[in-house]
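Report on the structure
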Amino acid sequence: SYQVVATVEGVSSPAFFELTNTPGAVGSVVAIAGTPQSTVVGSPFSARLAVRLGDASGNPVADAPVLFSAPASGVSGSFAQGVTDSARTDKSGTAIASHLSANTVAGTFTVTAATPGVLSQATFLLTNTAGPVDTFLIDAAGGGPIGTQTAQVPFNIRISANDQYGNRATQFSSTVDITSNGV
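Summary of the structure given here. (Residues numbered from 1 in each chain as written. Predicted model: local features only at pLDDT ≥ 70, side-chain atom pairs only at ≥ 80, totals over all residues. Heavy atoms only, no water.)

A short note on the overall build of the protein chain
Heads up, the rule is: Under the DSSP-based scheme used, a helix requires at least four consecutive residues in state H or I and a strand at least two consecutive residues in state E, with every element numbered from the N terminus. We compute the radius of gyration from the C-alpha atoms alone; for a globule the expected value is 2.2 Å times N to the 0.38, where N is the number of residues.
Of regular secondary structure, the protein chain possesses 0 helices and 14 strands. Shown N-terminal to C-terminal, the secondary structure of the protein chain runs as helices and strands in the order β-β-β-β-β-β-β-β-β-β-β-β-β-β. Its C-alpha atoms give the protein chain a radius of gyration of 29 Å, more than 25% over the compact-globule value 16 Å for 183 residues. Along the first, second and third principal axes, the C-alpha set of the protein chain runs to 115 × 30 × 25 Å.

In C-alpha cells, the structure reads:
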C-alpha cells in the first residue's frame, strides 16, 4: 500500500489517494526447499518441503492453498495426516508442508505440490535409503533355495544383506564367513 498526493497549482488542498498493488492469479509453483534429499527408511527427512507461488510477473501470491502429495503406495513417505498435506502461502508466497517421514520401502520417489487452477506443479525428489544390516539371506546364485548339494561338487550361493524391513542394504562392506559342519 502507498499514498499518492496530487496537487494542482492554484488549488489550495491536495488530493490524497490510498493505493494497493495486489498480485494477479497464481502463475507458478516453484519448489524452494526440501529437494533433493534422502533419509533412512522409517526416519524423518531433515528439511521440510516448501514452495513459492507467484503471479505471471513473479509477485508473491499470499493466502493461496497448496496441496503436497506423496505416492499412496510403494516407495513413499507420510506427513502428519497421511500421504497428503495442505498448507497456505504466507505474505511472501511461501507454503511449507508438515514434516515428512520415509516409509519402510527403500528407493526414490517424488512428492508434488499443486494449487487449484494452475496446471504446473512443483516436484520434490526424495530417496528412502536402506537401514543398517539386520539379516542375511542365503540362496542359490541364480535365485531360489539352495537345496541339497552333492559333496565335493562345487556350487554357488548368493548372500544378501537386508535391513529390518527386507530392503537390500547396499552399503554393507564387511566379511561374511561361511563354515561347514563337515562333509
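Some words on the nonpolar core
Worth spelling out the cut-off: Put simply, buried Ala, Val, Leu, Ile, Met, Phe, Trp, Tyr and Cys residues joined by side-chain atoms within 4.5 Å make one nonpolar core. Whether a residue is buried, partly exposed or exposed follows from its accessible area with a 1.4 Å probe, protein chains only, as a fraction of its type maximum: under 20%, in between, or over 50%, in that order. Throughout, a contact is declared for two residues whenever any of their heavy atoms are within 4.5 Å.
Residues Leu-49, Val-51, Leu-53, Phe-68, Val-111, Phe-124 and Leu-126 are the most contacted members of the largest nonpolar core, which totals 24 residues. Of all the elements in the fold, those that place two or more residues in this core are strand 5 (50-54), strand 6 (65-69), strand 11 (107-114) and strand 12 (122-129). The residues contacting Val-51, other than those within four sequence positions of it, are Val-29, Val-30, Ala-31, Ile-32, Val-66, Phe-68, Gly-93, Thr-94, Ala-95, Ala-113, Ala-122 and Phe-124.

Re the environment of Ala-161
Within the secondary structure layout, Ala-161 lies in strand 14 (residues 157-162). For the pair formed by Ala-161 and Val-133, sequence separation is 28 residues and the distance between their alpha carbons is 5.8 Å. Those residues in contact with Ala-161 that lie beyond four places of it in its chain are Val-133, Thr-135, Phe-136, Asn-167, Arg-168, Ala-169 and Phe-172.

Such coordinate-based values are descriptive only and should not be taken to indicate function.
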